[in-house]
Amino acid sequence: MSDTVHSLESVPARLDRLYRTMPASYWDWKPASWEACPGEEFSFREHACHMLDFDTLVYHVRIQRTRDESHPRFERVFGNELAAKRRYSEIHPLEAIADFVAARQATVATIKALDDQQLQRKADLAQYGEITLAGLVHLLCDHDSRHLACMHWLLAKLACSGRPI
């Protein structure tokens, strides 16, 4: 679990570096084709906002509830619906990233405080079925990886389009 926690801790800095190298004029850019996109069809801005929301509104809550409740059930959360509801297009991505840094610190602190028995507590996750708290932590790491991959995919698409980055 320590490698997973280390990975979770590294994501805010990695996300911040991606944005600091990306001209603001491309934060809302979307390609004409999403073919081979490894995940959700979000702009850079939307990815930053989504990662913040999934950390605070989804995974932190799932982790706490699984730790504290007896076999909680979690419905699937759809990223596009959350993006529309939370109006990502109106949020400054660097503010979202700053909030994500603080949120991730809280999430990681919660995870580090879990003991082996708590990590085996179970929940029901709509699209996965029964899952342990340790499994939820791994899914959060997977979620991070997919969104970082999507942002690198967007950078590749920008490079292919001849736009300077």
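This text goes with the structure placed above it.
What counts as what
- Starting from 1, residues in each chain are numbered consecutively following that chain's sequence as written.
- Residues qualify for local features only when their pLDDT is at least 70, as the model is predicted, and side-chain atom pairs are given and counted only at 80 or more; totals for whole chains, interfaces and linings, by contrast, use all residues.
- No hydrogens and no water enter the side-chain calculation; it runs on all heavy atoms of the structure.
- Here a strand pair is declared whenever DSSP counts at least two bridges between the two strands.
- Numbering of helices and strands runs from the N terminus; a helix is a DSSP stretch of H or I covering at least four residues, while a strand is a stretch of E covering at least two.
- When checking whether two residues touch, look at their non-hydrogen atoms; a contact exists if any pair is within 4.5 Å.
- Interaxial angle, 0 to 180 degrees, is taken between N-to-C directions of lines fitted to C-alpha atoms, where a helix line uses only the stretch in contact.
- Residues enter a nonpolar core if they are buried and are Ala, Val, Leu, Ile, Met, Phe, Trp, Tyr or Cys, with the set joined through side-chain atoms within 4.5 Å.
- Note on exposure labels: buried denotes an accessible area under 20% of the residue type's maximum, exposed denotes more than 50%, and partly exposed covers the range between, all computed with a 1.4 Å probe on protein chains only.
- Every case where a carboxyl oxygen of Asp or Glu lies within 4 Å of a side-chain nitrogen of Lys or Arg is listed as a salt bridge.
- To sort the angles, those under 35 degrees are grouped as roughly parallel, those over 145 as roughly antiparallel, those from 65 to 115 as roughly perpendicular, and the leftovers as oblique.

Relative to strand β3 (residues 129-132), strand β2 (residues 122-125) runs antiparallel, the two sharing 4 bridges. The partner of A123 across the bridge, within β3, is I131. The turn linking β2 back onto β3 is made up of 3 residues.

Before going further, it helps to examine the sheet that holds strand β1 (residues 73-74). In space, the 3 strands of this open sheet follow the order β1-β2-β3, with mixed pairing throughout. The open sheet has two edge strands with one neighbour each: β1 and β3. Contacts from helix α6 (residues 133-160) reach β1, β2 and β3, with the element oriented near 90 degrees to β3.

The next point concerns the nonpolar core. Considering soluble globular proteins, one finds that nonpolar side chains tend to be buried as a cluster. Counting residues in hydrophobic clusters, the biggest one holds 51 residues, and the most contacted among them are Y19, F44 and M151. The set of elements that each furnish at least two residues to this core consists of α1 (2-21), α2 (44-68), α3 (79-86), α4 (93-112), β2 and α6. No other element matches the 14 residues that α6 contributes to this core. Setting aside residues up to four positions removed in sequence, Y19 forms contacts with W27, F44, R45, A48, P93, L94, I97 and M151.

In this section: the pattern of salt bridges. Counting across every chain of the model gives 14 salt bridges. The salt bridge involving E75 is made with R73; its shortest N-O contact spans 3.3 Å. You can call R73 partly exposed: its relative accessible area is 44%. By sharing partners, the salt bridges in this structure join D55, R104 and D144 into a single network.

Quick look at the environment of K157 now. Here K157 shows up in helix α6. Using a relative accessible area of 25% as the deciding quantity, one classes K157 as partly exposed. Contacts of K157, omitting those with residues within four sequence positions, involve W29, P31 and S33.

What follows concerns the packing of α2 against α3. Taken N-terminus to C-terminus, the directions of α2 and α3 make an angle of 100 degrees; their axes are 11 Å apart at the nearest point. By the angle between their directions, the pair α2 and α3 is classed as roughly perpendicular. Taken together, the residues of α3 that come into contact with α2 (itself represented by H50, D53, F54 and L57) are G79, L82 and R86.

On to the side chain of E46. Mapped onto the secondary structure, E46 falls in helix α2. Look at E46 and you get buried, because its relative accessible area is 16%. Beyond its immediate sequence surroundings of up to four residues, E46 is in contact with K30, E41 and Y88.

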